[in-house]
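Chain by chain, the residues:
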Amino acid sequence: MLRLVLYQPDIPQNTGTMLRMAACLGLAVEIVEPAGFDVSDRHLRRAGLDYLDHVAITRHRSFSAFEAWRAEAGLRLVLATTAGARPHTDFAFRPDDCVMVGRESAGVPDAVHAAADARVVVPIRAGLRSLNVAVAAAMIAGEALRQTGGFEPDRAPSA
Ligand SMILES: C[S@@+](CC[C@H](N)C(=O)[O-])C[C@H]1O[C@@H](n2cnc3c(N)ncnc32)[C@H](O)[C@@H]1O
């Protein structure tokens, strides 16, 4: 299963959007803490996230804890970043990759860049900074699922 990794998210609405996408597309979600808001199950439920029952969320207390878990599971870390990466459509995803997006305010630190097995970018027009994190996550997850055939919708869309 493809995993979407949220590195220290700090805007609840973006996290809500990504959790909903993960529920709908069948992605697991890893949250690397500390987050900028309460990411406990109780709090997310209180915030009205009614898709919560449909997504497997694992919280990691730090990046080191996440890395220990990832090493044990033998999974690749694919970092979504605007800095010096290869276009997401040129990268060969694996069905169980961990696709990480950075913090809205600051991306990820150098240590996370160094730990990544690969870095991918959604190319955007020159002179503009970046996409919204949830939009970047959706575009990259969509490409990864397209390549790996990882998305099996339960129902075909109605005509
Ligand atoms: C709003 S951006 C962070 C901007 C931050 N000021 C920085 O310098 O990294 C939040 C996250 O969205 C993702 N992101 C945004 N635009 C992207 C793009 N064009 N390609 C890949 N990832 C992108 C990255 O994971 C980034 O860390």
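Residues numbered from 1 in each chain as written. Predicted model: local features only at pLDDT ≥ 70, side-chain atom pairs only at ≥ 80, totals over all residues. Heavy atoms only, no water.

**Description of the UniProt feature "binding site: S-adenosyl-L-methionine" (unreviewed entry) in the chain**
Argument step 1. Following the UniProt record, one finds the feature "binding site: S-adenosyl-L-methionine" (unreviewed entry) at G102, V122 and S130. These annotated residues cover 29 residues of sequence, and their C-alpha atoms all fall within 13.7 Å of one another, placing them together at a single site.
Argument step 2. Tracing the chain through its elements places G102 in the loop between β6 (98-101) and α4 (110-115).
Argument step 3. On the basis of relative accessibility, which here comes to 17%, the residue G102 falls in the buried class.
Argument step 4. With residues near it in sequence (within four places) discarded, G102 still touches Y7, G107, V108 and V133.
Argument step 5. Excluding residues that lie within four positions of it along the chain, S130 makes contacts with T82 and I124. (UniProt positions renumbered as here; feature names shortened; annotations may be inferred. Helix = DSSP H or I, 4+ residues; strand = E, 2+ residues; numbered from the N terminus. Buried < 20%, exposed > 50% of the residue type's maximum accessible area, 1.4 Å probe, protein only. Contact = heavy atoms within 4.5 Å.)

**Observations concerning the confidence of the model for the chain**
Argument step 1. On average, the chain scores 92 in pLDDT, and the residues at 70 or more come to 94%.
Argument step 2. Interface scoring of the predicted complex returns ipTM 0.95; its pTM is 0.94. (pLDDT = per-residue confidence, 0-100.)

**Side note on the environment of H54**
Argument step 1. With respect to the helices and strands, H54 occurs in the loop between α2 (41-46) and β3 (57-60).
Argument step 2. Its relative accessible area of 58% is what places H54 among the exposed residues.
Argument step 3. Taking the C-alpha atoms as reference points, H54 and G142, 88 residues apart in sequence, are found 18 Å from one another.

**Focus: the environment of A23**
Argument step 1. Positionally, A23 belongs in helix α1 (residues 12-25).
Argument step 2. For A23, a relative accessible area of 16% gives the class buried.
Argument step 3. Residues A23 and V133 lie 110 residues apart in sequence; the distance between their C-alpha atoms is 17 Å.
Argument step 4. In this view, A23 contacts Y51, H54 and V55; residues no more than four positions away in its chain are not counted.

**Considering the nonpolar core**
Grouped burial of nonpolar side chains is what soluble globular proteins tend to show.
Argument step 1. Formed by 34 residues in total, the largest nonpolar core has its most connected members in M18 and L27.
Argument step 2. Looking at this core, the elements with two or more residues in it are β1 (3-7), α1, β2 (28-32), β4 (77-80), β6, β7 (118-121) and α5 (133-148).
Argument step 3. In terms of residues, this core owes the most to one element, α5, which gives 7 residues.
Argument step 4. Beyond its immediate chain neighbours, meaning those up to four positions away, M18 contacts L4, L6, V101, V133, A134 and A137.
Argument step 5. Counting residues in hydrophobic clusters, the runner-up holds 13 residues, among them Y7, F63, L79 and V112. (Core = buried A, V, L, I, M, F, W, Y, C linked by side-chain atoms within 4.5 Å.)

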